[in-house]
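Inside the fold
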Amino acid sequence: MSGLLGASEIREIAARIGVNPTKKLGQNFVVDANTCRRIVKSADVEKNDIALEIGPGLGSLTLALLETASSVTVIEIDSRLAQELPATAEKHGFDPSALTVINADAMNLEALSPAPTVLVANLPYNVSVPVLLRAFEKLPSLQKGVVMVQSEVADRLVAKPGSKSYGSPSVKATWWGTLTSAGNVGRSIFWPIPNVDSSLVRFDRNPVPGDEQLRLKVFALIDGAFAQRRKMLRSALSGILGSEASAIIERAGIDPTMRGEALILTDYINIAKAY
Ligand code: SAM
């Protein structure tokens, strides 16, 4: 059998291996081959790419990746789904040696070999932000990617200062690269149909603006500022910067009466350096 997975085959595999999609694991499977190809295309996956997919499920996106990338590594938490994937790939005419299946929780993601160059994923909704930030941190080889997430999460990831969606993930993500919105996806392409909307976010790696020591300081400041986002910086950051908070923030060239939601990454870097 060639081609990608269709709706009836997806239901047939799920029934055969005893998978009843659960909300807890964010199991909404894509049943539309065109959407899978669109996602792979918008990630600019090329022949020499080593692709990483987090949460492959029954393999809808995995097969679309195998059509294009030289090899594909997948991380799936549900062992029944992980076990079935090589057989699904082989049945559809793909070389099973191009597919590496890791049955694990992506929240514990560590360095991978071969090092992936592109990330493509329909991320489990409840863990999408931490998993994404962890992938950026642990896999510096990732140069680009497209992830599908809940639309509210997509808004948060690409938000700019001043917008209501701007939060700690928006600032932290810019440490690793540029995130841009890559369109919306209708609910009807999923099984089961979710009760939230989904959107695509594109990621392009940039050189990091500092070493790991600086990043940890900057991320702590971001967490501090957004934990109390209605407070002025001098008070929101006093837990970290101490009684000198106002002076340190001023030294960084920033008005200490501003709120964290008005600052961009460079401002947080300047505060960390002034500390
Ligand atoms: N990629 C498939 C598709 O598009 O049809 C499935 C996407 S579904 C939204 C999310 C998948 O992530 C499920 O297969 C689920 O079992 C898996 N998953 C959930 N939490 C996970 C975690 N912490 N680590 C790895 N996989 C996880």
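All values derive from a computational prediction rather than experimental measurement. (Residues numbered from 1 in each chain as written. Predicted model: local features only at pLDDT ≥ 70, side-chain atom pairs only at ≥ 80, totals over all residues. Heavy atoms only, no water.)

Here we look at the overall build of the chain
- Summing up its helical and strand segments, the chain has 12 helices and 9 strands in all.
- Each of the three principal axes of the chain carries a C-alpha extent, and together these read 70 × 35 × 30 Å.
- Every one of the 275 residues in the chain was classed for burial, and the buried ones make up 52%.
- Taking contacts inside the chain between residues at least 6 apart in sequence as the whole, the part at least 24 apart equals 71%.
- Carbon together with sulfur atoms contributes 52% to the accessible area of the chain, which is approximately 12200 Å² in total.
- Separation of charge centres in the chain, based on 29 positive and 28 negative side chains, amounts to 5 Å. (Helix = DSSP H or I, 4+ residues; strand = E, 2+ residues; numbered from the N terminus. Buried < 20%, exposed > 50% of the residue type's maximum accessible area, 1.4 Å probe, protein only. Contact = heavy atoms within 4.5 Å. Areas by Shrake-Rupley, 256 points an atom, 1.4 Å probe, with all protein chains shown as cover. Lys, Arg positive; Asp, Glu negative; His and termini not counted. Charge placed at Lys NZ, Arg CZ, Asp CG, Glu CD.)

A word on the pattern of salt bridges
- Summed over all chains, the structure comprises 17 salt bridges.
- The closest approach of N and O atoms between R16 and E84, which form a salt bridge, is 3.0 Å. Within this pair, whereas R16 is found in helix α1 (residues 7-17), its partner E84 is found in helix α4 (residues 79-91), the two being separated by 68 residues in sequence. (Salt bridge = Lys/Arg side-chain N within 4 Å of Asp/Glu carboxyl O.)

Overview of the packing of aromatic side chains
- Inspection of every chain in the model, using the stated rule, returns 5 aromatic pairs.
- Residues F29 and W191 carry aromatic rings whose centres are separated by 6.1 Å and whose planes lie at 35° to one another, so their mutual orientation is tilted. Here F29 is found in strand β1 (residues 29-30), whereas its partner W191 is found in strand β8 (residues 190-191), with 162 residues between them in sequence. There is no split in this pair, since F29 and W191 are both buried.
- Between Y166 and F226, the aromatic rings sit 6.0 Å apart at their centres with planes inclined by 75°, giving edge-to-face as the arrangement. Here Y166, found in the loop between α6 (151-158) and α7 (168-176), pairs with F226, found in helix α8 (residues 212-227); they are 60 residues apart in sequence, far enough to count as distant. (Phe/Tyr/Trp six-rings, centres within 6.5 Å; stacked < 30°, edge-to-face > 60°.)

Regarding the site of the ligand
- Looking at the ligand, there are 21 residues lining it, with V30, G55, E76, D105 and N122 nearest.
- Between E53 and the ligand, the recorded distance is 3.1 Å, taken from a side-chain N or O atom to a nitrogen atom.
- The separation between an oxygen atom of the ligand and a polar side-chain atom of E76 is 2.6 Å.
- Contact with the protein chains covers 98% of the free accessible surface of the ligand, which is 590 Å².
- Every element with two or more residues in the shell around the ligand is listed here: β1 and β3 (71-76).
- Tallied by class, residues from the shell around the ligand come to 10 nonpolar, 7 polar and 4 charged. (Near = heavy atom within 4 Å. Polar contact = N/O pair within 3.5 Å; in protein donor to acceptor, adjacent residues only side chain to side chain. Nonpolar A, V, L, I, M, F, W, Y, C, P; charged D, E, K, R; others polar.)

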